[in-house]
Amino acid sequence: TVQRMRLLLPLYIYPDATKQDYVVAGKAMKTLLGRMDIVINPNSGKDSTVTPKAEWVNGLNQITTNAGTSWHKLHGYISTSYGNGSIDIAKAQMTGYATLWSKWIGNFFFDEVALDSLSLPYYAELAAHGQKVLPGSKIILNPGILAPGAVLPPKLMALPGVTTAIIFETGR
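Heads up: these notes are all about the structure in this document. Owing to the predicted nature of the structure, the values given are computational and were not obtained by experimental measurement.

This part covers the overall build of the protein chain. A count of helical and extended segments in the protein chain gives five helices and six strands. Ordered by position in the sequence, the α and β elements of the protein chain form the string β-α-β-α-β-α-β-α-β-α-β. For 172 residues, the compact-globule formula gives about 16 Å, and the C-alpha radius of gyration of the protein chain, at 16 Å, lands near that figure. With the principal axes as the frame, the protein chain shows a C-alpha extent of 45 × 35 × 30 Å. Within the span of the protein chain, comprising 172 residues, buried residues form 41% of the whole. Put simply, 78% of the contacts in the protein chain that link residues at least 6 apart link residues at least 24 apart. Of the roughly 9200 Å² that the protein chain leaves accessible, carbon and sulfur atoms contribute 58%. Computing the positive centroid from 15 side-chain charges and the negative centroid from 11, the protein chain places the two 10 Å apart.

Given below as structure tokens:
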């Protein structure tokens, strides 16, 4: 199977009806024929547990409208604080995306992912919860900058739903 490159857009801006950011994101998804993943970050994930405000509804609807037939579900932002974040808060945020934001959010973006083996149970529990609340959801991992010689643990990449890891390259 040939894998095509995908673009990741961390759309970490509050929707503003006077700007076209969400319209442009939807048009980009259409231009790229759906080969684009968009991460939505309502208040660093904290607002995922409340009904989306009108600005969010309008902004997310702009993405879906402008993406046309290339539309696919977005990724909800989850901060994991390198495996030190509250698992209950992260799971509540995932449940919030699945229940209150499910018209737009169907996947998850785990930020600040720890790569040590001690954190594996934390991520395994989050990944399992993701599949419970949004069956078939995809998970993108973002460990940030990797130390020289660091590798992504195969067991982490094999968790249910994990499809991608983002690696930040400093160019040094």
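With that settled, the discussion passes to the environment of Glu125. Relative to the helices and strands, Glu125 is located in helix 4 (residues 120-133). Residues Glu125 and Ile87, spaced 38 residues apart in sequence, show a C-alpha to C-alpha distance of 8.3 Å. Leaving out residues up to four positions away in the same chain, Glu125 has contacts with Ile87 and Lys91.

Take the side chain of Asn66 next. Among the structural elements, Asn66 can be located in helix 2 (residues 54-67). Within the local environment of Asn66, its side chain forms a polar contact with the backbone oxygen of Gln62, the two atoms lying 2.8 Å apart. If sequence neighbours within four positions are ignored, Asn66 has contacts with Val23, Gly26, Lys27 and Lys30.

Attention shifts here to the environment of Asp116. Secondary-structure assignment places Asp116 in the loop between strand 4 (105-111) and helix 4. Sequence separation of Asp116 and Gly149 is 33 residues, and the distance between their C-alpha atoms is 13 Å. At 3.1 Å, the side chain of Asp116 and the backbone nitrogen of Leu118 are in polar contact. Only 2.9 Å separates the side chain of Asp116 from the backbone nitrogen of Ser119, close enough to count as a polar contact.

Along its 14 residues, helix 4 runs 20 Å from first to last C-alpha, staying within 8% of the 20 Å computed at 1.5 Å per residue. When we look at burial in helix 4, the residues that qualify are Tyr122, Tyr123, Leu126, Ala127, His129 and Gly130. Viewed end-on, helix 4 has its buried residues packed into an arc of 160 degrees, placing them on one side of the element. Turned more than 90 degrees away from the buried face of helix 4 sit Pro121 and Lys132, all of them exposed. Tucked into the core, helix 4 has its buried residues touching helix 3 (87-100), strand 4, strand 5 (139-145) and helix 5 (154-157).

For the rest of this paragraph, the subject is unusual backbone geometry. Despite not being glycine, Asn43 shows a phi value in the positive range, around 55 degrees. Note on placement: Asn43 falls in the loop between strand 2 (36-40) and helix 2. Positive phi outside glycine occurs at Tyr82, with the angle close to 55 degrees. With respect to the element layout, Tyr82 can be found in the loop between strand 3 (74-79) and helix 3. Assessed through its relative accessible area of 41%, Tyr82 is described here as partly exposed.

Here the focus is the nonpolar core. With 39 residues, the main nonpolar core has Ile38, Ile40, Leu60, Ile63, Leu74 and Phe110 as its most contacted residues. Only helix 1 (21-31), strand 2, helix 2, strand 3, helix 3, strand 4, helix 4 and strand 5 provide two or more residues apiece to this core. Looking at this core, the element that brings in the most residues is helix 3, giving five residues.

How each quantity is defined
- Residues numbered from 1 in each chain as written.
- Predicted model: local features only at pLDDT ≥ 70, side-chain atom pairs only at ≥ 80, totals over all residues.
- Heavy atoms only, no water.
- Helix = DSSP H or I, 4+ residues; strand = E, 2+ residues; numbered from the N terminus.
- Rg over C-alpha atoms; globule rule 2.2 N^0.38 Å.
- Buried < 20%, exposed > 50% of the residue type's maximum accessible area, 1.4 Å probe, protein only.
- Contact = heavy atoms within 4.5 Å.
- Areas by Shrake-Rupley, 256 points an atom, 1.4 Å probe, with all protein chains shown as cover.
- Lys, Arg positive; Asp, Glu negative; His and termini not counted.
- Charge placed at Lys NZ, Arg CZ, Asp CG, Glu CD.
- Polar contact = N/O pair within 3.5 Å; in protein donor to acceptor, adjacent residues only side chain to side chain.
- Expected span 1.5 Å × (residues − 1).
- Arc of directions from axis to C-beta.
- Core = buried A, V, L, I, M, F, W, Y, C linked by side-chain atoms within 4.5 Å.

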